[in-house]
Amino acid sequence: MISLVEKMRIRGGVHAEENKKQTANQPIQTELPLDTKLYIPLQQHVGKAAEPIVRVGDKVLKGQLLAHSQGMISAPVHAPSSGLIADINFYPAPHPSALPIRTIVIETDGKDEWCELKPVNDPFSLDPEEVSLRVGAAGIVGMGGATFPSAVKLNLGRKSKIHTLLINGGECEPYLTCDDRLMRERAEAIIDGIRIMLHGMGVKKAKIGIEDNKPEAIALMKKACEPFPDIYVITVPTRYPMGWDRQLIRFITGSEVPAGSRATDVGVLMHNVATAYAIHRAIRFGEPLVSRVVTVSGKAAKRTINMEVPIGTSISHLFSITRVDPDKTARIVMGGPMMGESLPHSDLPIVKATSGVLALTHDEIKTGTEQPCIRCASCISACPAGLLPVDMANRIKSNQLDAAVSIGLKDCISCGTCSYVCPSNIPLVHYFKYAAGELVARQQAQHKSEQTKKLVEERNNRMERIEQEKAEEAARRKAAKEARDREKAEKARLAAEKEAAS
Amino acid sequence: MKIVPTSGPHISTENQVSSIMLQVIFAICPATLFGIYLFGWPAFNLLIITVVSAVVFEYFCLRLAGKPSAILKDGSAILTGWLLAMTLPPWAPWWVGVVGSGMAIIIGKQVYGGLGQNVFNPAMLARVALLISFPVELTTWINVTPFGSALAPDFITGLKITFEQVSDLDAYTGATLLGHVKTELSQNHLLPDILQNQFTIQESWLGFMRGSMAETSAVLLLVGGIWLNYRKIINLSIPTAMLFSVWICSLVFNWWNPAHYLSPWIHLSSGALMCAAFFIATDYVTSPNTVKGQIIFGACCGILIFIIRTWGGYPEGAGFAVLLMNAATPLIDHYIKPRIYGRNRQGKPLEAKE
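Here, residues in each chain are numbered from 1, in the same order as that chain's written sequence. Chains and ligands are labelled sequentially in the order written, the chains with letters from A and the ligands with numbers from 1. The predicted origin of the model limits local features to residues at a pLDDT of at least 70 and limits the giving and counting of side-chain atom pairs to 80 or more, whereas totals for whole chains, interfaces and linings rest on all residues. Excluded from the side-chain calculations are hydrogens and water; all other atoms, namely the structure's heavy atoms, are used.

Peer 1: Explanation requested: the overall build of chain A in the structure shown.
Peer 2: What counts as a helix is a DSSP run of H or I of at least four residues, what counts as a strand is a run of E of at least two, and both are numbered from the N terminus. Along chain A, the regular secondary structure elements total 15 helices and 17 strands. For a compact globule the rule gives 2.2 Å times the number of residues to the power 0.38, and the radius of gyration it is set against comes from C-alpha atoms. For chain A, the C-alpha radius of gyration of 31 Å lies well beyond 23 Å, the compact-globule estimate for 502 residues. Per-residue burial for chain A yields a buried fraction of 51% across its 502 residues. Any two residues whose heavy atoms approach within 4.5 Å at even a single point are treated as in contact. Relative to all contacts within chain A whose residues are 6 or more apart in sequence, the contacts with residues 24 or more apart total 72%. Only the protein chains shown count as covering a residue, and every accessible area follows the Shrake-Rupley method with a 1.4 Å probe. Roughly 23000 Å² of accessible area belongs to chain A as shown, and the carbon and sulfur atoms make up 52% of that amount. Residues scored as positive are Lys and Arg, those scored as negative are Asp and Glu, and His as well as the terminal groups of each chain are ignored. For the purpose of locating charges, the reference atoms are NZ of Lys, CZ of Arg, CG of Asp and CD of Glu. Side-chain charges of chain A comprise 66 positive and 59 negative groups, with the mean position of each set lying 3 Å from the other. Using a 1.4 Å probe on the protein chains alone, a residue whose accessible area is under 20% of its type maximum counts as buried, one over 50% counts as exposed, and one in between counts as partly exposed.

Here is the structure:
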């Protein structure tokens, strides 16, 4: 019966082939050759890009601030290793477009020398605000891929009086094992990071959700949180997209986040395990976020590993370490295979959001040709958001975007489960992404036309007013002239009368 | 290394349309083989003719529509032809199979735009159209003549039965159980007398009785259906709802008046019910998309079958019931939709509660 209730708490989803065993037993490697050049994009987070404070030719030490954050939602960027600033210019971004993005290039000196750090011995004596400030200064962002500045979230948690901090250890994407390894090898540090976050938000309780395909991580994390009665590990079913925050929130707390609301509206807030670890390093050791654990996998890679990589390391460097066969590589994916982005080439840097880099062979990727929909409804039963992907796609195909919105297009989370399960290889999620973009474009166009209309109307009004003023002016003048004429005539008459009288 | 960037997901299930069709065909194989064993070479001929002509009609339509003939590989035409053959009288002449396939593929499927576009189940549409157009051929039920039995036709005789007019077929034929019951009841006979010496429940479940080519063995159809469910090709909501509603209706009426209403077990084990429940009504294209919708669909199918069998003009109503509910499917899908996360059934955001 309990299992039935549990089942009700997760909707849809798929159990994709995990492909995690290639890397699940690979310890996180830290002693890897340093890349000669590090490319550090100034925008690795949601919000405004950071503004550089170093100049070309400056010598920097590892952990030194390179660019400070701009405005409320932003994050600073630090030097991932010591060396010289070689360039501050536009370089391709780790994005499918590989469009240029402002980037600081460091030529590493190989010494990997830390700058002076300011560790805190007792983080719990710090002011909660101080915790947020330090987390913000360390450039920590959501490491699960969302890259929302963590300090902003901590502040939000403190202000909105949440009751439970949820920690996402789901790692539901196939192939990826970076969080799994982190939990297995650095469980105490993660728990410490969670405690610091709890302190920073003034919250007592934390729950860590881990998928049941990671029994070792569950056991070790349970052991690590034994001394702390308010931190629990909760085993969640292995089912993509379990890592979708709202899915996990519903599973763990039983409450659903209303559409258009934040998680804090149901009294919870979610952070990733890797973020908790980064916060532990930032507060206890004063280390800013300059490296992260990355899974390198895929059948085109001869070695599949987890490694702690300095931010800015180029993917081709990782590929040379893992001996990726370029002839076999059919697709390079940054992130997991479900929601990750495919990259046009490997000369792009690792950023704070990079949980994995996959070199996938032709056999591994989805290649089938599109066939007609047979209305098997797999997409409907698989959709975690409870949408009707097939109907939405049909409406988008016939350009009825408003109709697609009316049946829930805006509630789509782009998890790709529908495309994954479709036996006819219909690119469902692609339609939804396209439609979402198209809607924005149309709204902008509509906004523009409304603006134009308004301006034209204003101009017409203005012209009318001027005309009217002119007419009034003319009338006034005419009246004045008439008055003057009358006065003149009067005067003349008076003068004539006078003359006549005299 | 030439890479075209594309958006995720980068992986997909192994499940493809053709593999789904193939697995359904595999699931109906036991019942079909048993039907061929029971009714001999003519049944085999009919299956081949129906399937081949279905594929030919499909090819013809694809050519006409200017679509690539590679679409044939999806296997849907084979499946449609096969399902139709299963529901035909086993010794039906060749042209019944050909005309049936033509109606199924052309009128039932391709005029709507091909796979996935049709409103009605093609096989059932053809079956019902044939029944109305050719009532004699479609109600000629051959006696059970398994391979090896004295009356089993050899291969040549089989070809003659299929391709030539056979005049003295009456000697080998009789009524199906449901047909017999219907006729006798209309002559005011009572059920216990009618069923005496006619019928054992084991035969009915196993299928050693007159009936359509591959619909007689309820057990083998059940096995195929369960296997399909195990393979996650179908879910059991439609079959369960359908069988359960027939069972419940007949249970109530049988309990009320056992002399006039057949027992639920006879209902379940005879006629086209099992075949329709697992292989016809579960057709993706023509059944609702949500589990709740499927339960309504299945239950209504079951009730309609019971009504037609009990009070209708035909002894069996599976085809009619499925077609009627096919017509109701868009309506069911319109009203029964999954609830969107964070919203109530009306689509409004939920109230926040901590």
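Peer 1: Which parts of the structure should I look at to understand the overall build of chain B?
Peer 2: Within chain B one finds 15 helices and two strands. Expected size for 354 residues packed as a compact globule is a radius of gyration near 20 Å; at 22 Å, chain B falls within 12% of this value. On the principal axes, the C-alpha backbone points of chain B span a range of 70 × 55 × 30 Å. For chain B, the residues scored as buried account for 52% of the 354 residues in total. For chain B, the accessible surface area stands at approximately 15800 Å², while carbon and sulfur atoms represent 66% of it. Here chain B carries 19 positive and 17 negative side-chain charges, and the mean point of each set is 16 Å from the other.

Peer 1: Please explain the sheet that holds strand β3 (residues 51–52) of chain A as it appears in this structure.
Peer 2: Within a sheet, each strand pairs with its neighbour through backbone hydrogen bonds, oriented either parallel or antiparallel. All names here are of chain A. We treat two strands as partners when DSSP finds at least two bridges between them. Across the sheet, which stays open at both edges, the three strands sit in the order β3-β5-β6 with antiparallel pairing between neighbours. With one partner strand each, in any of the chains shown, β3 and β6 (77–78) form the two edges of the open sheet. Pairing analysis gives two bridges linking β3 to strand β5 (residues 65–68), with the strands arranged antiparallel. Across the sheet, the residue bridging to P52 is A67, located in β5.

Peer 1: What's the story with the pattern of salt bridges in this structure? I'm lost.
Peer 2: Opposite charge on two side chains permits pairing when their charged atoms draw close. Within this document, salt bridges are pairs made up of a side-chain nitrogen of Lys or Arg and a carboxyl oxygen of Asp or Glu, the two lying within 4 Å of each other. Applying the stated criterion across every chain, the model contains 22 salt bridges over all chains. In this structure, R339 of chain B and E256 of chain A form a salt bridge, with 2.8 Å as the shortest nitrogen-oxygen distance. Taken together, the residues R339 of chain B in the segment after α15 (318–335) and E256 of chain A in the loop between α8 (245–253) and β12 (268–272) connect one chain to another. Judged by its relative accessible area of 13%, E256 of chain A falls in the buried class. The partner of R442 of chain A in a salt bridge is E438 of chain A, with the nearest N and O atoms 3.4 Å apart. With R442 of chain A and E438 of chain A both in helix α15 (residues 428–501) and four residues apart, this pair spans about one turn of that helix. A relative accessible area of 35% places R442 of chain A in the partly exposed class. A residue is classified by how much of its surface remains accessible, and E438 of chain A, at 24% relative accessible area, is partly exposed.

Peer 1: How should the side chain of S212 of chain B be read in this particular structure?
Peer 2: Residue and element names in this part refer to chain B. For S212, the location among the structural elements is in the loop between α9 (201–206) and α10 (218–230). Nitrogen and oxygen atoms within 3.5 Å of one another constitute a polar contact, given that in protein one can donate a hydrogen and the other can accept it, and given that sequence-neighbouring residues count only through two side-chain atoms. Polar contacts involving the side chain of S212 include one to the side chain of E215, which spans 3.1 Å. Every residue in contact with S212, bar those within four places of it in the chain, is listed here: F39, M86, T87, L88, P90, R127 and W141.

Peer 1: Looking at this structure, how should I read the pairing of strand β8 (residues 100–108) of chain A?
Peer 2: Each regular strand shows side chains that alternate between the opposite faces of the sheet. Residue and element names in this part refer to chain A. Note: strand β2 (residues 37–41) against β8, five bridges, orientation antiparallel. Bridge assignment links L38 to a residue of β8, and that residue is I106. As defined by bridge partners, strand β7 (residues 83–92) adjoins β8 across nine bridges and the pair is classed as antiparallel. Of the residues in β8, the one forming a bridge with F90 is R102.

Peer 1: Explain the interface of chain A and chain B here, please?
Peer 2: Accessible area lost on assembly of the parts is the figure often given for the size of an interface. Counting residues at the interface gives 62 residues for chain A, matched by 38 residues for chain B. Summed over both partners, the accessible surface that disappears when two parts come together, traced with a 1.4 Å probe, is what is meant by buried area. Of the roughly 4300 Å² buried where chain A meets chain B, counting both sides, 57% is carbon and sulfur surface. For R343 of chain B, the salt bridge identified is with D411 of chain A, shortest N-O distance 2.6 Å. At the junction of chain A and chain B, the tally comes to 19 residue pairs in polar contact (both at pLDDT 80 or more).

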